[in-house]
Amino acid sequence: MLEVRDTERDLRQVRLRLAVAMGLVVACFGILVGRFVYLQIYRYAGFHAQAKENRIALVPAPPARGLIFDRNGVLLAENVSAYTLELAPKRLARLEDTITALSEVVEITARDRQRFRRLLEDSRSTDSVPLKVRLTDEEVARLAANRFRFPGVEISARLFRNYPHGETAAHVIGHIGRISPDDKRRLEEQDRLSRYAGSTHIGKAGVELSYESVLHGQVGSQEVEVSAGGRIMRTLSRTPPVPGSNLVLSIDIRLQKLVEQLYGNRRGALVAIEPKTGDVLAMVSHPSFDPNLFVDGIDAPAWQALNEDPDKPLLNRPLRGAYPPGSTYKPFMALAALTSGTRTPQETIFDPGYFQ
């Protein structure tokens, strides 16, 4: 039989299907356009702020610490520029694997690892933690050449405190150390924590501690553009930090060194005061210690050696020692004779036994 098709009905079905399909397409485009308008117009301000925060970061700029001089302008505490290898734990998926890989490029000692773990416990998740400090030029070159292999690893230029006279006047000058959780709590109680944004060290003893507010300075900031990986691309604006003020002590470092040499292997304390002005010319606690050991964090063997030394080099004898009254005239005259060159150390009447 010959089948007769209803052409009109077929056309109506096709038109209906096309209309339904067209309606679905228009509805989808309407949803997309509505969503586009919602995101681009009504939510523009919020997303623009988020994008700007992701692209632009405000990085604190720590100030340079003030210098310390003796009465004659001799430098007692200085700042030395050096490079440090830092890791951002938040951007590292496998921290230990990264450290192992870095040890193939530069030497990572057991002390470096131990200090890194201790600092990692005290740091916030957003902080960069130093793994190796005071890199040599060769180490910096090797790390720069392999920089692409280590996302989350930075080479930063920092200022390090240095005490060029070592043990001489160590108890007077004191030393700085890394900011501990106790230091942070104390600064927060004093409402001074914001002044230490970006800073890693604080005065721990001696003049460094007593004049911390003077030596520290004021923190600055810089607005930088960062990549998706967190790497700084360029600096947009900068508010420079205000360096700390310099200090000039009444101490005469030459006299201080002479008295410490005269003590030899003896233990004792001496304070030499200018009678006319009351200036302290020398303040000796013998034996002494090297304050440079504490700047980057003293290691366990060095701390044990100092702490268990029977001569107690960490004891500040002029301030904490208990001594019976003795002759103050003879030591002063002996020091005057020594500094004037009229007597030799063998001829002097100075007897360190008075101060033991």
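We now turn to the structure provided with this report. Because the structure is predicted, anything quoted here is derived from the model rather than measured.

1. A word on a nonpolar patch on the surface
Here is step 1 of the chain: Among the surface-exposed residues, Val 33, Phe 36, Val 37, Tyr 38, Ile 41 and Tyr 42 lie close enough to one another that they form a single nonpolar patch of about 630 Å² accessible area.
Here is step 2 of the chain: Inspection of the secondary structure assignment puts Val 37 in helix α1 (residues 7–42).

2. Section: the nonpolar core
Here is step 1 of the chain: Counting residues in each nonpolar core, the largest one holds 19 residues, and the members touching the most others are Leu 85, Leu 87, Ile 99, Leu 102, Phe 116, Leu 131 and Leu 143.
Here is step 2 of the chain: Considering each element in turn, this core owes the most residues, 4 residues, to helix α3 (residues 95–103).
Here is step 3 of the chain: With 15 residues, the next largest nonpolar core counts Leu 76, Ile 173, Leu 215 and Leu 249 among its residues.

3. Quick word on empty space enclosed by the protein
Here is step 1 of the chain: For the structure shown, the criterion picks out 2 cavities of 30 Å³ or more.
Here is step 2 of the chain: For the largest cavity, the calculated volume is near 40 Å³.
Here is step 3 of the chain: Taken together, Leu 102, Leu 143, Asn 146, Arg 147, Phe 150, Val 153 and Ile 155 make up the lining of the largest cavity.
Here is step 4 of the chain: Along the lines of polarity and charge, the residues of the lining of the largest cavity split into 5 nonpolar, 1 polar and 1 charged.
Here is step 5 of the chain: What lines the second largest cavity is Ala 169, Ala 170, His 171, Val 172, Gln 256, Glu 260, Met 283, Val 284, Ser 285 and Ser 288.

How each quantity is defined
- Residues numbered from 1 in each chain as written.
- Predicted model: local features only at pLDDT ≥ 70, side-chain atom pairs only at ≥ 80, totals over all residues.
- Heavy atoms only, no water.
- Patch = residues over 30% accessible without salt bridge, like charges linked within 9 Å, V, L, I, M, F, W, Y side chains within 5 Å.
- Areas by Shrake-Rupley, 256 points an atom, 1.4 Å probe, with all protein chains shown as cover.
- Salt bridge = Lys/Arg side-chain N within 4 Å of Asp/Glu carboxyl O.
- Helix = DSSP H or I, 4+ residues; strand = E, 2+ residues; numbered from the N terminus.
- Core = buried A, V, L, I, M, F, W, Y, C linked by side-chain atoms within 4.5 Å.
- Buried < 20%, exposed > 50% of the residue type's maximum accessible area, 1.4 Å probe, protein only.
- 1 Å grid on protein atoms, 1.4 Å probe; cavity = no way out; pocket = protein on both sides within 12 Å on 5 of 7 lines; lining within 4 Å.
- Points joined across faces, edges and corners; volume = space filled by probe spheres on them.
- Nonpolar A, V, L, I, M, F, W, Y, C, P; charged D, E, K, R; others polar.

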